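Commentary on secondary and tertiary structure
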Amino acid sequence: MQKAIPFMQIRGGSSKGLFFNALDLPIDEDLRNKVILAAMEGVGLGDKRQIDGLGGANSLTSKVAIVSRSTNKNADLDYLFIQVVLGKGVVSTVQNCGNILAGVLPFAIESGMIKANNPTTAARINMINTGGICEVIVQTPDFEVEYAGNASVDGVLGTAAPIVCNYLDIEGSTCGALLPTGNIIDIVDGIELTCIDNGMPLVVMRATDFGITGYESKEELDNNEELKTRIENIRLAVGQKMNLGDVNNQTIPKMCLISPAKNGGSINTRMFIPHVCHEAIGVLAAISVATCSLLPHSIASGIANFSDENKLLSIEHPAGEMSISINYSFENDKLIIKKSGLIRTARLLSRGEVFIPKSVWI
């Protein structure tokens, strides 16, 4: 009465999700999405608690990766990210997820899709959602994935083996341009902002323009209904300007409030994803914030602080910080992004079969 489908559950960065081999899922996209929803939420679609499925009832734990050998001649693996939208009974594929991406190569090795080398294994991952390639390096001593190590990721307790992620060609990957509105500064609802897309469509705004400091806790911001309503109104208004169309039912663009760093970093952030404050910050969102910080005359000018010598930007967030390395140059006063890199960690949590009710297939 139920169909069993192999899966692995992997924590990637400060997120976790279910990982599937594309060959184990239906080819038809609508049926595939129904299967994903059943796996995560069960038969009670739209249940924010996800009691009848394997989802974690949180946007950071309601994620899925579908992995296969790549059909792209420049890549080894194809990676499709799926966000299950809590309480909606729908999935979204319009964005990418850099945290979940950190688990893609470990999954491919554990499932036999990629053969491990010694002491490290590298692969180029084609990010289907938005395009672009991420070069990933995993620790594999004795030809096995090593999960233990000394690397730390704020938002995750303990330490683990480092996973190097170098993002290539992600500028304007969703919106079509690094500055999708064509402007460095736009004004919406009386608020100055910068719209930017270097891997994640983002609207960057000064926290003080909303009458807050930007150092409030996630809980304080989640309880500030007036603030959230105003941010959402701006998000809906700016979606068309960013070439995203009607974003009412989309999870992008993300909305970011910035302020000066307090703990020695480059800039402080509070990220809305988009209707609640992120407990930390997403990988690709952090890359877009870092990129905004490099842009002369952007909304981050006079707020961001960084050393041009090492080109390392520390993005502070509610759970700590994330360090982003950007290889860039200016050509005819235009910012050219060559590579954006960072360290993540991952851990295989479980593997087995998820059972999908027969009714889903009818």
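Summary of the structure given here. Given the structure is predicted, the values throughout are model-derived calculations rather than measurements.

So, the layout of surface pockets
Quantified by volume, the largest pocket comes out at close to 810 Å³. Lining of the largest pocket is provided by 36 residues; of these, S59, T251, I273, P274 and V276 occupy positions nearest its centre. For the lining of the largest pocket, the secondary-structure elements that each account for two or more residues are strand 4 (77–85), helix 2 (98–101) and helix 6 (283–294). Across the lining of the largest pocket, the residue classes tally to 16 nonpolar, 14 polar and six charged. Roughly 240 Å³ of volume is contained in the second largest pocket. Of the residues belonging to the lining of the second largest pocket, the class tally is nine nonpolar, one polar and three charged.

Section: the packing of aromatic side chains
The geometry of an aromatic ring pair is captured by two quantities: the separation of the ring centres and the angle between the planes. Applying the stated criterion across every chain yields a total of two aromatic pairs. Ring plane angle 35° and centroid distance 5.9 Å describe the contact between F19 and F107, whose orientation is recorded as tilted. Here F19 is found in strand 2 (residues 15–21), whereas its partner F107 is found in helix 3 (residues 104–110), with 88 residues between them in sequence. We note that F19, like F107, is buried. Seen in terms of ring centroids, Y328 and F330 are 6.0 Å apart; in terms of plane orientation they differ by 85°. Their pairing is edge-to-face. Of the residues examined, Y328 reaches a relative accessible area of 6% and is grouped as buried. A residue is classified by how much of its surface remains accessible, and F330, at 40% relative accessible area, is partly exposed. When the ring centre of W361 is taken as origin, the NZ or CZ atom of K3, which lies over that ring, is 5.6 Å away. The ring of Y215 carries the charged tip of K262 above its face, separated from the ring centre by 4.7 Å.

Overview of helix 5 (residues 225–239)
Between its first and last C-alpha atoms helix 5 spans 21 Å; for 15 residues at 1.5 Å apiece the expected length is 21 Å, and the two agree. By the burial criterion, the buried members of helix 5 are L227, K228, I231, E232, I234, R235, V238 and G239. Projected down its long axis, helix 5 shows its buried positions confined to an angular sector of 160°, all on one face.

So, the side chain of T130
Tracing the backbone through its elements, the reader meets T130 in the loop between strand 6 (120–127) and strand 7 (133–139). Relative accessible area serves as the criterion here: at 11%, T130 is assigned to the buried category. Other than its neighbours up to four places away in sequence, T130 contacts V94, Q95, N96, S173 and T174.

Thoughts on the pattern of salt bridges
According to the stated counting rule, one finds eight salt bridges in the structure shown. The closest approach of N and O atoms between K218 and D222, which form a salt bridge, is 2.8 Å. Of this pair, K218 and D222 are both found in helix 4 (residues 218–222), four residues apart, which corresponds to roughly one turn of the helix. Judged by its relative accessible area of 18%, K218 is buried. Taking the shortest distance from any N to any O, the salt bridge between K228 and E225 comes out at 3.5 Å. Of this pair, K228 and E225 both sit in helix 5, three residues apart, roughly one helical turn. By relative accessible area, which is 17% here, K228 ends up buried.

Rules of the game
- Residues numbered from 1 in each chain as written.
- Predicted model: local features only at pLDDT ≥ 70, side-chain atom pairs only at ≥ 80, totals over all residues.
- Heavy atoms only, no water.
- 1 Å grid on protein atoms, 1.4 Å probe; cavity = no way out; pocket = protein on both sides within 12 Å on 5 of 7 lines; lining within 4 Å.
- Points joined across faces, edges and corners; volume = space filled by probe spheres on them.
- Helix = DSSP H or I, 4+ residues; strand = E, 2+ residues; numbered from the N terminus.
- Nonpolar A, V, L, I, M, F, W, Y, C, P; charged D, E, K, R; others polar.
- Phe/Tyr/Trp six-rings, centres within 6.5 Å; stacked < 30°, edge-to-face > 60°.
- Buried < 20%, exposed > 50% of the residue type's maximum accessible area, 1.4 Å probe, protein only.
- Lys NZ or Arg CZ within 6 Å of the ring centre and 35° of its normal.
- Expected span 1.5 Å × (residues − 1).
- Arc of directions from axis to C-beta.
- Contact = heavy atoms within 4.5 Å.
- Salt bridge = Lys/Arg side-chain N within 4 Å of Asp/Glu carboxyl O.

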